[in-house]
Amino acid sequence: MAIPFSYIARNLAKRRLTTALTAGGMALVVYVFATVLMLAAGLERTLVTTGQEDNVVVIRRSAQTEIQSGVDRMQAGIVESLPDIATGEDGRKLVSKEPVVLINLPKRDSGKPSNVVIRGVTAAGLALRPQVRIVEGRMARPGTSEIVAGRSIASGFQGAGIGETLRFASRDWTVVGVFDAGRTGFDSEIWGDAEQMLQAFRRQAFSVLVFRLADTGRFEAVKQQLETDPRLTLEAKRETRFYAEQSEALSKFISYLGTTISVIFSIGAIIGAMITMYASVAARTAEIGTLRALGFPRRAILVAFLVEALLLGLIGGVAGLAAASLMQAMSISTTNFQTFAELAFSFTLTPAIVAAALGFALAMGFVGGFLPAVRAARMNIVDALRAA
């Protein structure tokens, strides 16, 4: 015979203050836990969606990032001659040879310097990134000292707004446009003409080659052809995989640090739930004795108090998730551990995070309520009624 759920729920409603305080403590822990997971998920989403599944990134073998890589013109020409590269509407191959460099710029709000990615692009480079669109001004003209800035850079760094001028590589560069890359990693870059960037930074080699496959199913064959060619010291990766790897180090660090902090905080929430449930047991000694006298077994008492503790956890979990979901409206920036460049991204709430946060809240409720529930179940009928 089970105790009705309505009885359990009424007990929580009767103790509004203690219920609110205990659930509030759990909500704070869930808020921290969910926010950290959203932070890591937002970082991964920003970088993973930067790539296109049918695009291939070619960098120097063993290089972890574009900035560390170098592809000379001879090797670039060999890659460019591959028959598997798709062609655009103008009949030209969709391959972009790009220099990528880090520069230091001061932030608008604090004036503190931070690293920003400068990318030299071509007309094919734009065609390879359909998510990028100019939202203010126009695209930089080839062969000029004109640049366009990603939306995050334009709003966050001095001199990067439309009509402003940046000085780097011993040259003044005019910002003629601002582009939006759909909340991908390109939003945190500045683009200019590839050949002009090579000249300005006195470089002889490109950093990366990006091309589109005519048949995406041919990736493994193309990869093997490039990596076994004795003339080349290059490796090929799908663009989606390449950018996913860029997020791994920082994402893992955020997840591990946040989970550790959440577990430490959860100890306080569990103790709070335990105190609340022990107080509930002490205050309801007569009720427990009456329930046992009416024929409810010890197991039913145990389950009733455990369900009550789980409800406390669930209330706290839902409240914490509701607060965490508001963080999706915010964007933050940090330094990517892989590239050491500024990267802007948003908090992202996913179904997996919702499930993990609610599971964490229920676990806190279960651990906090287990010992008080056992105590309630072990009460002797006569002693309980006498205590009343």
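Just above, that's the structure.
As the structure is a prediction and not an experimental result, all values here were calculated from the model.

S.K.: A description of the overall build of the protein chain should follow, citing residues and the corresponding values.
M.R.: In terms of regular secondary structure, the protein chain is built from 12 helices and 13 strands. In terms of overall dimensions, the protein chain is more spread out than a globule: its C-alpha atoms have a radius of gyration of 29 Å, far above the 21 Å expected for 388 residues. Seen through its C-alpha atoms, the protein chain measures out along the principal axes to roughly 95 × 45 × 30 Å. Burial statistics for the protein chain: of 388 residues in total, 50% are counted as buried. Within the protein chain, contacts between residues at least 6 apart in sequence are counted, and of these 79% link residues at least 24 apart. With 40 positive and 32 negative side-chain charges, the protein chain shows a spacing of 11 Å between the two charge centroids.

S.K.: Give me the packing of aromatic side chains: which residues, what numbers.
M.R.: This model, assessed by the stated rule, comprises 8 aromatic pairs. On the basis of an interplanar angle of 80° and a centroid distance of 5.9 Å, the ring pair of Phe-186 and Tyr-243 is categorised as edge-to-face. Of this pair, Phe-186 sits in the loop between β8 (171-180) and β9 (189-193) while Tyr-243 is found in helix α8 (residues 239-283), placing the two residues 57 residues apart along the sequence. Judged on exposure class, the residue Phe-186 and its partner Tyr-243 are both buried. Grouping aromatic residues by their ring pairs yields a cluster made of Phe-179, Phe-186, Trp-191, Phe-242 and Tyr-243.

S.K.: How would you sum up the side chain of Thr-276? Please name residues and give values.
M.R.: Here Thr-276 is to be found in helix α8. Here Thr-276 falls in the buried class, since its relative accessible area comes to 11%. In this structure the side chain of Thr-276 is engaged in a polar contact, spanning 2.5 Å, whose partner is the side chain of Thr-22. If we skip the residues at most four places from it in the chain, Thr-276 touches Arg-15, Thr-18, Thr-22 and Leu-312.

What counts and what doesn't
- Residues numbered from 1 in each chain as written.
- Predicted model: local features only at pLDDT ≥ 70, side-chain atom pairs only at ≥ 80, totals over all residues.
- Heavy atoms only, no water.
- Helix = DSSP H or I, 4+ residues; strand = E, 2+ residues; numbered from the N terminus.
- Rg over C-alpha atoms; globule rule 2.2 N^0.38 Å.
- Buried < 20%, exposed > 50% of the residue type's maximum accessible area, 1.4 Å probe, protein only.
- Contact = heavy atoms within 4.5 Å.
- Lys, Arg positive; Asp, Glu negative; His and termini not counted.
- Charge placed at Lys NZ, Arg CZ, Asp CG, Glu CD.
- Phe/Tyr/Trp six-rings, centres within 6.5 Å; stacked < 30°, edge-to-face > 60°.
- Polar contact = N/O pair within 3.5 Å; in protein donor to acceptor, adjacent residues only side chain to side chain.

Interpretation in functional terms is not warranted from these geometric data alone.
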